[in-house]
Amino acid sequence: MWQDQYRLLIFDEIDSTNQEALRLAKNGICQDLVIFAKNQTDGYGRSKRPWQSGEGNLAMSILLKSDDFSKVQSQLSFVVGLSLYDVIGRILSTQNIVAEVMLKWPNDLMINEAKIAGILLESIKYNNIKYLVIGIGVNLCSAPKIENRQTTSLNNLGLKVISARELLDLIMNSFIYYNDLWRKQGFGVIRKLWLEKTFKTGDLVTFTDGSIKIVGHFLDIDSEGAVRMKLSSGEIYSKTSGEVFFGEIDV
Ligand code: BTN
């Protein structure tokens, strides 16, 4: 039971669960907290893009003290990605919905090529202690628009939607499983599982970090979680941050 290990804080409304987690860390109220908000007024995603949670969607953050894994922090977003994939995949199959579920580097969950969930990792150092915040947003009831992206929700897929609070329980139980696996067996096993759920080796993909666009064939992720692509020149291109899209696209 995840609540044996973490304490849950529930807010009816808050600016952003990630911001609240960072504030709590600064106030010394820290380790192993889960922050859940029924409504977020100022949520944000990667690259500080606004993130609309929409009524009934899941907005949560996990606050961890990170001194024991500071070097491998980026690996944790793959751990969380596996949890989201498992939980959403299970919900789909129990309701007999056939859909293509996929993890998209670095930390999106896609259904039928539309984004249904995102993960945002942030860290803060305070009093010489490093804290890590894992923000998770899942579209349950509605699919707020994101510029130049397709989005979807469980509701759009015709699923009988469970509540955000119930989904949080499922995600936390799965997170505990994969977090344990990662800590005991290392990133190798996480990387292998993650690669089974993403683009196939050789798929044509487009990488962008907002300013450059690189088209190539997806290879894999390396031991740090960086994406690796093979370019037409034969050169291997590797990046730790940015985004990868299926096919050759305009960005
Ligand atoms: C992304 O895909 O860019 C990441 C989206 C992360 C959104 C979640 S919602 C809960 C938490 N609070 C925030 O302000 N952001 C994250």
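Rules of the game
- Residues numbered from 1 in each chain as written.
- Predicted model: local features only at pLDDT ≥ 70, side-chain atom pairs only at ≥ 80, totals over all residues.
- Heavy atoms only, no water.
- Axes fitted to C-alpha atoms, helices over the stretch in contact; angles between N-to-C directions.
- Helix = DSSP H or I, 4+ residues; strand = E, 2+ residues; numbered from the N terminus.
- Parallel < 35°, antiparallel > 145°, perpendicular 65-115°, else oblique.
- Left-handed = near helix turned anticlockwise from the far one by under 90°.
- Contact = heavy atoms within 4.5 Å.
- Nonpolar A, V, L, I, M, F, W, Y, C, P; charged D, E, K, R; others polar.
- Near = heavy atom within 4 Å.
- Polar contact = N/O pair within 3.5 Å; in protein donor to acceptor, adjacent residues only side chain to side chain.
- Areas by Shrake-Rupley, 256 points an atom, 1.4 Å probe, with all protein chains shown as cover.
- Buried < 20%, exposed > 50% of the residue type's maximum accessible area, 1.4 Å probe, protein only.
- Arc of directions from axis to C-beta.
- Pairing = 2+ DSSP bridges.
- Phe/Tyr/Trp six-rings, centres within 6.5 Å; stacked < 30°, edge-to-face > 60°.
- Lys NZ or Arg CZ within 6 Å of the ring centre and 35° of its normal.

A few words now on the packing of helix 2 (residues 75-94) against helix 4 (residues 187-195). Orientation of helix 2 relative to helix 4, taken along the N-to-C sense of each, is 50 degrees, at an axis distance of 10 Å. By the angle class used here, helix 2 and helix 4 are oblique. For helix 2 against helix 4, the interelement crossing comes out left-handed. For the pair formed by helix 2 and helix 4, the contact residues are Gln 75, Phe 78, Val 79 and Leu 82 on the first element and Phe 187, Ile 190, Leu 193 and Trp 194 on the second. For the contact of helix 2 with helix 4, a count of residues per class yields 7 nonpolar, 1 polar and no charged.

The subject of this paragraph is the site of the ligand. Taken together, 20 residues are adjacent to the ligand, and Ser 16, Gln 40, Tyr 44, Arg 46 and Lys 115 come closest. At 3.1 Å, a side-chain N or O of Thr 17 approaches a nitrogen atom of the ligand. Note that an oxygen atom of the ligand is positioned 2.4 Å from one of the side-chain N or O atoms of Lys 115. Contact with the protein chains hides 99% of the accessible area of the ligand, taken as 420 Å² for the molecule alone. Counting residues per element, the ones that place at least two in the shell around the ligand are helix 1 (17-26), strand 3 (58-65), strand 6 (114-126) and strand 7 (129-138). The element best represented in the shell around the ligand is strand 6, accounting for 4 residues. Within the shell around the ligand, the residues separate by chemical class into 7 nonpolar, 10 polar and 3 charged.

What follows covers helix 4. Every buried residue of helix 4 is listed here: Phe 187, Ile 190 and Trp 194. The buried residues of helix 4 occupy an angular sector of 65 degrees when the element is viewed end-on, so they sit on one face. Those residues of helix 4 that are exposed and angled more than 90 degrees off the buried face are Gly 188 and Lys 192. Contacts from the buried residues of helix 4 go to helix 2, strand 4 (101-104), helix 3 (164-185) and strand 9 (213-221).

All right, on to the pairing of strand 9 then. Two elements, strand 8 (residues 204-208) and strand 9, share 5 bridges in a ladder whose sense is antiparallel. Opposite Thr 208, over in strand 9, you have Lys 213 as the bridge partner. Adjacent in sequence and paired antiparallel, strand 8 and strand 9 are bridged by 4 residues, among which Gly 210 carries a positive phi angle near 100 degrees. Bridge count between strand 9 and strand 10 (residues 227-230): 4 bridges; the pairing is antiparallel. Counted as the bridge partner of Phe 218 is Met 229 from strand 10.

To continue, consider the packing of aromatic side chains. Summed over all chains, the structure comprises 8 aromatic pairs. The aromatic ring of Tyr 44 is capped on one face by Lys 48, whose charged end is 4.3 Å from the ring centroid. One cation-aromatic arrangement involves Lys 197 over Tyr 85; the distance from NZ or CZ to the ring centre is 5.4 Å.

Function cannot be inferred from these measures alone, as they are strictly geometric.
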